[in-house]
Amino acid sequence: MKAGKHNSGQMSLAGLDAWPCGHAVRGADVFYKSGGKVKREWLSRCSEERALTKDLMAKVVSPSNLVAALRQVVSNKGSSGVDGMTTKELQEWFGSHYQQLQHQIITGNYQVQAVHEVQIPKPNGGVRILGIPTVKDRLVQQAISQVLSQHYDPTFSERSYGFRPDRGAHDTLQQATQDVSEGRGWIVDIDLEKFFDKVNHDRLLWLLGTRVGDKRLLKLIGKFLRAGLLKEGLVGQRIKGTPQGSPLSPLLSNIVLDELDKELEVRGHRFARYADDLIVMVKSEASANRVLSSLTVFIEQRMLLKVNRAKSKISRPHELNFLGHRLLSDGRLGLSKVSENRLKAKLKQLSQRNRGISLEQLVRELNPVLRGWLNYFKKAQMLTKLKVLEGWLNRRIRCFRLKQCKRALSLAKFLHGLGVPWNRSWTTAGSSKGWYRLSITHAAHEGMNLKWFRSIGLYSLKENYVKYLKKPPSTTNVRWVV
């Protein structure tokens, strides 16, 4: 694509001095003419890189790359797309059709199918749109992603952590807490409104075209971007966005947002980004206001994305909910109230006493939730909160088990079987109190004590959290100690 075919809002590539095709220059204005268009001089700097990538498609369709992509798609499992083919059927199909697939991709005859749209409710309202491509399309997208990742990932910002090898949310939080501990006590929290649904296709393809010389590959990516969305039996045309759910979408989102990362680096800001979750750490409220205002202009006018002004805000680190955590001034993490409430809501839903399931089934459903939650939040300062939370959950489980007894005789026998004397068992069983009130009686606590909870196999948040704290500290400048 030629720069002259786009308006000035589509041409911002500030701060690309860190890119292989960039020069050691500083400042966004270096790349622009007075009218706001990108200088052709900058585009010519990438000509060598484009020349080296004129045959990337050969790498995409190489047997080793396609087999690696197949393994990844199969291991990810996932639902079938509009054609109904499963990942297991894909393995069988690939064994006898991979040469045909190679030929279709190389010649440009590969037909991209519609994407099945699925709407997932968000915890704070609204929906998240997921796009489920067919397994064949997922295979091809994965093959493209593997090749482009080798080309792009080394040039991404060190402060970008989402959808990248050997990086994750914990690394993002570690970076953020380090910056806060160094005296940057004001946070600019930028919320991009429906980012994955708003990405401009023309601008994204232009960005890719500045560094990728294989036009066949760019054309195929364009097909995937414009693939229709199947919703309620009707296929709608897609003119923007890269719906979450495809193997290629995470890489494309990083390519788009790397421009923002480079702009922040040029300005000398400390920031941390995980996918479209971005915070900038500054030292004063006045600086925070200036950053929020200028970045909003840059994102909307240059990157053609939308900033959610209602959710973007300036806050103190301990008031933040960044990746589910609060940032404490001394370099530690705290658990955000939002994350605590979401866990309680999930546990409350699972432990409703009118569900009509066995205690064993309840424990089987609770344990993965508790284990996964603690694995993610284990670095937060929350021992006291976990004690309270676990006490609340234990009471709900006691209530659940008492209600299963239904009658006074069964209840008395159950408590007595747990070691509660007959007199206290009968007193509790004959009480007119409701199940929830009975769950805090002395007999209920005596019988269903901590030893009983271990015997039923319930995962203990508090005990496993303490085990984690006793592990030898990692060699890091950031203190994760609670």
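Given the structure is predicted, the values throughout are model-derived calculations rather than measurements.

Draft legend 1. A look at the sheet that holds strand β8 (residues 313-315). Spatially, the four strands line up as an open sheet ordered β6-β7-β3-β8, and their pairing is antiparallel. Either end of the sheet is taken by a strand with one partner, and the two such strands are β6 (270-274) and β8. Strand-to-strand twist of the sheet, defined as the mean angle between neighbouring strand axes without regard to direction, takes the value 20 degrees. Bridge count between strand β3 (residues 186-191) and strand β7 (residues 277-282): six bridges; the pairing is antiparallel. Bridging from a neighbouring strand, Asp191 pairs with Asp277 of β7. Here helix α7 (residues 169-181) sits on the sheet in contact with β3, β6 and β7, set at roughly 165 degrees to β6.

Draft legend 2. Here's a closer look at the environment of Gly95. Looking at the secondary structure, you find Gly95 in helix α5 (residues 87-107). Counting along the chain gives 28 residues from Gly95 to Val67, while the straight-line C-alpha distance between them is 9.9 Å.

Draft legend 3. Spotlight on the pairing of β3. Counting buried residues in β3 gives five out of six residues, a clear majority hidden from the surface. Across three bridges, the pairing between β3 and β8 is antiparallel. Bridge pairing in β8 links Ile187 to Ser315.

Draft legend 4. Just the nonpolar core, in detail. If you look at the biggest cluster of nonpolar residues, it comprises 63 residues, and the most contacted ones within it are Ile144, Leu148, Leu208, Leu217 and Ile221. Examining the composition of this core, we find that eight residues originate from one element, helix α6 (residues 135-152), more than from any other. Non-local contacts of Ile221, meaning those with residues more than four positions away in its chain, are made with Ile144, Leu148, Leu205, Leu208, Leu248 and Leu252. The next biggest cluster of nonpolar side chains, apart from the first, holds 50 residues, and it includes Leu347, Leu393, Val420 and Trp452.

Draft legend 5. Focus on a nonpolar patch on the surface. On the surface, Leu409, Trp422 and Trp426 cluster together into a nonpolar patch covering about 320 Å² of accessible area. Assignment of secondary structure puts Trp422 in helix α17 (residues 422-429). According to the relative accessible area criterion, Trp422 is partly exposed, its value standing at 39%.

Draft legend 6. Here's a closer look at the environment of Lys378. Within the secondary structure, Lys378 is located in the loop between α14 (359-377) and β11 (380-381). If we ignore the near neighbours within four places in the chain, the residues touching Lys378 are His170, Tyr465 and Tyr468. A polar contact of 3.4 Å, which involves the side chain of Lys378, links it to the side chain of Asn375.

Conventions we followed
- Residues numbered from 1 in each chain as written.
- Predicted model: local features only at pLDDT ≥ 70, side-chain atom pairs only at ≥ 80, totals over all residues.
- Heavy atoms only, no water.
- Pairing = 2+ DSSP bridges.
- Helix = DSSP H or I, 4+ residues; strand = E, 2+ residues; numbered from the N terminus.
- Axes fitted to C-alpha atoms, helices over the stretch in contact; angles between N-to-C directions.
- Contact = heavy atoms within 4.5 Å.
- Buried < 20%, exposed > 50% of the residue type's maximum accessible area, 1.4 Å probe, protein only.
- Core = buried A, V, L, I, M, F, W, Y, C linked by side-chain atoms within 4.5 Å.
- Patch = residues over 30% accessible without salt bridge, like charges linked within 9 Å, V, L, I, M, F, W, Y side chains within 5 Å.
- Areas by Shrake-Rupley, 256 points an atom, 1.4 Å probe, with all protein chains shown as cover.
- Salt bridge = Lys/Arg side-chain N within 4 Å of Asp/Glu carboxyl O.
- Polar contact = N/O pair within 3.5 Å; in protein donor to acceptor, adjacent residues only side chain to side chain.

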